[in-house]
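Residue-level listing of the chains:
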Amino acid sequence: MRLNSKVCVEPQESVVRIVYASEACIGAGVYAEMERIRASAVRHNVPVGIHTALLYQSGWFVQWKEGPGHALLRLTDRLAADPRHHSLRIVHSSRGPRLLSGPWSMAIVQTNEEPESMARRVARLRQSMENGVQYSPPAVWRQLSTPLGHPGAAQQTNPDAFQRILVCAAAASPSFEFARWLAARHQQPLVRRRFAGDEGLDVGTDYVDFNDDDRVLRVIAMSRKGLAVPLTRAFVPDYSHIVLLLSGEPERDLPLLDKVAAACAGLASPPVLVGVAQHHATHSRPFALAHHLGLIYLDAQAHPHDCAGVWAAVHPLLARWREAANSGPLSIPDLFAMR
Ligand SMILES: Cc1cc2nc3c(=O)[nH]c(=O)nc-3n(C[C@H](O)[C@H](O)[C@H](O)COP(=O)(O)O)c2cc1C
């Protein structure tokens with residue numbers, strides 16, 4: 001299906017957004033338990049307009065909820081009494097636009113981390129809330145679930161201020177090979193996560209953090225299916241670039257562009273798209289489609305499975321963005337002029 005409207009910004013409804021963390025009391029079979037919670041949640045939340053994302057990590061649940069205030073209050077009272085968890089702590093509470101585009105997302109982060117590390121992050125966020133400092137719901141989620149673990153993080157005053165780049169492939173999974181290659185090259189751990197939306201789909205995503213000259217970059221490999229999960233979409237505004245590893249086959253490349261455009265719909269400043277293809281001619285249709293949708297598309301030449309080649313082609317484009325970002329806001333014609 002072709003998208004035939006430009007990425008446009010629509011006025012958003014205002015909802016209450018909360019994020020809480022709780023200590024889980026479930027034994028083995030975490031995924032099956034989360035599927036049971038999903039079944040209840042989809043049944044109860046949809047009619048009252050509540051959207052939610054649930055994370056299980058290191059013995060903790062984190063839940064991000066958005067919806068009308070009275071419905072949220074009623075639901076939170078009910079689920080606080082659920083014996084599958086205890087000691088709920090609210091770590092974010094605000095009113096603003098809906099950021100979760102669908103009723104349900106869930107994620108499991110596979111890690112050997114002890115519950116105490118998570119407890120420290122929860123306590124830090126509670127403390128900042130009490131000091132009157134609140135981060136956005138995605139930033140709170142990221143600080144709890146995927147904090148910057150790289151040593152460079154210690155030099156940052158804002159723990160969430162680092163550049164994030166999403167990588168998706170039109171065919172097979174060179175995006176995951178690329179993240180693995182970057183992790184090996186920089187001798188940094190590759191972090192694995194699993195996501196699901198309100199239906200059966202179960203998608204993987206890997207990321208790596210590493211030092212790039214003077215700052216830390218996070219490169220996230222995402223499967224094509226993952227682009228449809230509301231939780232994934234809520235993080236799209238935080239990416240500076242989305243790198244598209246193109247196959248050269250329009251029947252695969254154009255649907256990827258459509259999925260990315262759908263994920264960028266409604267954003268005031270969508271990420272810059274960087275198409276990577278072996279042959280220059282591959283870019284013409286994706287470029288035209290992106291341009292038609294009001295998205296910036298930069299082209300890079302490399303074979304999508306040649307990780308070193310992809311990095312060599314993409315890296316200068318990311319650096320230019322950083323120069324631009326340091327020199328203040330930039331218009332779309334300026335960005336095109338930089339190509
Ligand atoms: C961490 C956690 C999150 C939950 N989230 C929701 C939710 O968003 N919506 C919901 O209806 N139930 C949620 N539940 C389940 C409720 O506590 C409760 O079991 C359920 O709503 C009961 O409905 P049912 O008997 O119709 O299944 C959650 C439970 C836990 C442990």
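In case you missed it, the structure is sitting above this.
I would appreciate a short explanation of the site of the ligand in the present structure.
Around the ligand, a shell composed of 18 residues is seen, among which Ser40, Arg43, His44, Lys65 and Asp82 lie nearest. Between asparagine 45 and the ligand, the recorded distance is 2.9 Å, taken from a side-chain N or O atom to a nitrogen atom. In isolation the ligand has 630 Å² of accessible area, and contact with the protein removes 82% of it. Taken together, the elements giving at least two residues each to the shell around the ligand come down to helix 1 (30–45), strand 2 (51–57), strand 3 (60–67) and helix 2 (69–80). With 6 residues, helix 1 is the single largest residue contributor to the shell around the ligand.

How should the nonpolar core be read in this particular structure?
Side chains of a nonpolar character, in soluble globular proteins, are inclined to be buried together. Counting 50 residues, the largest nonpolar core has Trp64, Trp141, Leu231, Leu244 and Leu273 as the members making the most contacts within it. Among the elements that make up this core, the one with the highest residue count is helix 7 (residues 250–264) (7 residues). Two domains each put at least three residues into this core: domain 1 (14–147) and domain 2 (163–337). Residues Leu182, Ala183, Val219 and Val274 belong to the second largest nonpolar core, which totals 26 residues.

When you look at the environment of proline 270 in this model, what are you seeing that I'm missing?
Its location among the elements puts proline 270 in the loop between helix 7 and strand 11 (272–277). Classification of proline 270 as partly exposed rests on a relative accessible area of 24%. A sequence separation of 28 residues divides proline 270 from isoleucine 242, and the C-alpha atoms of the two residues are 9.5 Å apart. When near neighbours in sequence (up to four residues on either side) are disregarded, proline 270 contacts Cys264 and Leu295.

Reading the values: rules and limits
- All residue numbers here refer to positions counted from 1 along the written sequence of the relevant chain.
- In view of the model being predicted, local features appear only for residues whose pLDDT reaches at least 70, and side-chain atom pairs are presented and counted only at 80 or more, with totals across whole chains, interfaces and linings using the full set of residues.
- Values shown for side chains rest on all heavy atoms present in the structure; no hydrogens or waters enter the calculation.
- Being near a molecule or strand, for a residue, means having at least one of its heavy atoms within 4 Å of it.
- Within 3.5 Å is the distance limit for a polar contact, defined as a pair of N or O atoms, with the added protein rule that one can donate a hydrogen and the other accept it, and that residues adjacent in sequence qualify only through two side-chain atoms.
- Each accessible area value is a Shrake-Rupley result obtained with a 1.4 Å probe; residue values ignore everything except the protein chains displayed when judging cover.
- We count a stretch as a helix when DSSP gives it H or I for four or more residues in a row; a strand needs E for two or more, and each element gets its number in order from the N terminus.
- Think of a nonpolar core as a cluster: buried Ala, Val, Leu, Ile, Met, Phe, Trp, Tyr and Cys residues, connected wherever their side-chain atoms sit within 4.5 Å.
- Burial here depends on accessible area, computed with a 1.4 Å probe over protein chains only, as a share of the maximum for the residue type. Under 20% is buried, over 50% is exposed, and the range in between is partly exposed.
- Note: domain ranges come from an automatic or database domain assignment.
- Whether two residues touch is decided by their heavy atoms; if any such pair falls within 4.5 Å, the residues are in contact.

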